Amino acid sequence: MIEHGSFQMEVIDQTLVVKCFDAWNTETVVRMCKEYKELVKTIKDKPWACLVDLSQWELSTPDMWEKIDELNEWANQNNQKYEAVICSLSIQRMFLEASHEVLTNVESRFCDDLQEAFNWLQSVGVYNSSS
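Residues numbered from 1 in each chain as written. Predicted model: local features only at pLDDT ≥ 70, side-chain atom pairs only at ≥ 80, totals over all residues. Heavy atoms only, no water.

### Some thoughts on the nonpolar core
Okay, step 1: The biggest cluster of nonpolar side chains holds 25 residues, and the ones touching the most others in it are Trp24, Met32 and Tyr36.
Okay, step 2: Secondary structure elements with two or more residues in this core: β1 (6-12), β2 (15-24), α1 (26-40), β3 (48-60) and α2 (64-77).
Okay, step 3: Here the element with the most residues in this core is α2; it accounts for six residues.
Okay, step 4: Core analysis: the next-biggest nonpolar cluster, separate from the first, contains 14 residues, Ala49, Cys111, Ala117 and Trp120 among them. (Core = buried A, V, L, I, M, F, W, Y, C linked by side-chain atoms within 4.5 Å. Buried < 20%, exposed > 50% of the residue type's maximum accessible area, 1.4 Å probe, protein only. Helix = DSSP H or I, 4+ residues; strand = E, 2+ residues; numbered from the N terminus.)

### Re helix α4 (residues 114-123)
Okay, step 1: Within α4, the full set of buried residues consists of Ala117, Phe118, Trp120 and Leu121. Buried residues of α4, seen end-on, are gathered within an arc of 160° and therefore sit on one face of the element. Every exposed residue of α4 that faces more than 90 degrees away from the buried side is listed here: Gln115 and Ser123.
Okay, step 2: Positive phi appears at Gly125, one or two residues downstream of α4, with a value of about 90°. (Arc of directions from axis to C-beta.)

### Details of α1
Okay, step 1: In a regular helix each residue adds 1.5 Å, so 15 residues correspond to 21 Å; α1 covers 21 Å between its end C-alpha atoms and thus fits that length.
Okay, step 2: Taken together, the buried positions of α1 are occupied by Thr28, Val29, Met32, Cys33, Tyr36 and Val40. The buried residues of α1 occupy an angular sector of 130° when projected down its axis, which confines them to one face. (Expected span 1.5 Å × (residues − 1).)

### Structural notes on the state of the cysteines
Okay, step 1: Per the counting criterion, the structure on display carries zero disulfides.
Okay, step 2: Cys20 takes part in no disulfide bond, and the closest cysteine sulfur to it belongs to Cys50, at a distance of 8.6 Å.
Okay, step 3: Residue Cys20 is classed as buried on the basis of its relative accessible area of 5%. (Disulfide = S-S within 2.5 Å.)

### Considerations on the pattern of salt bridges
Okay, step 1: All chains considered together, the criterion is met by two salt bridges.
Okay, step 2: A salt bridge links Arg31 to Glu35; the shortest N-O distance between them is 2.8 Å. Within this pair, Arg31 and its partner Glu35 are both found in helix α1, separated by four residues, close to a single helical turn.
Okay, step 3: Exposure remark for Arg31: the relative accessible area of 30% places this residue in the partly exposed category.
Okay, step 4: In this structure, Lys41 engages Glu38 in a salt bridge whose closest nitrogen and oxygen atoms are separated by 3.3 Å.
Okay, step 5: Taking the relative accessible area as the measure of exposure, Glu38 reaches 45% and is therefore partly exposed. (Salt bridge = Lys/Arg side-chain N within 4 Å of Asp/Glu carboxyl O.)

Here it is in structure tokens:
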């Protein structure tokens, strides 16, 4: 099937920044999870964070959450310590809070915008604003 929706990812310092766009289907989620793990391999030797920007995301098919739960379990076992999430819809936050239950080693924070998220990540030492 053809992917629906898109994402952008980049590593800045010890932070993986994930920006999600539009409505996703399973194919998009599968590719995102694969690319996520590849990028994290470059930073997982030290504690790292993920910043998830959902401000332009429109949810996905229900089967996505199983893949996200698996990804969160993997991240929890691979040295993730922080996660900042930006939501534009209350239903996004509800789904993300449920998916974060497996993140037993990770401190999560919901933020209103990128600046707030970056400020928090800088305060915990995984992001440097001068990079």
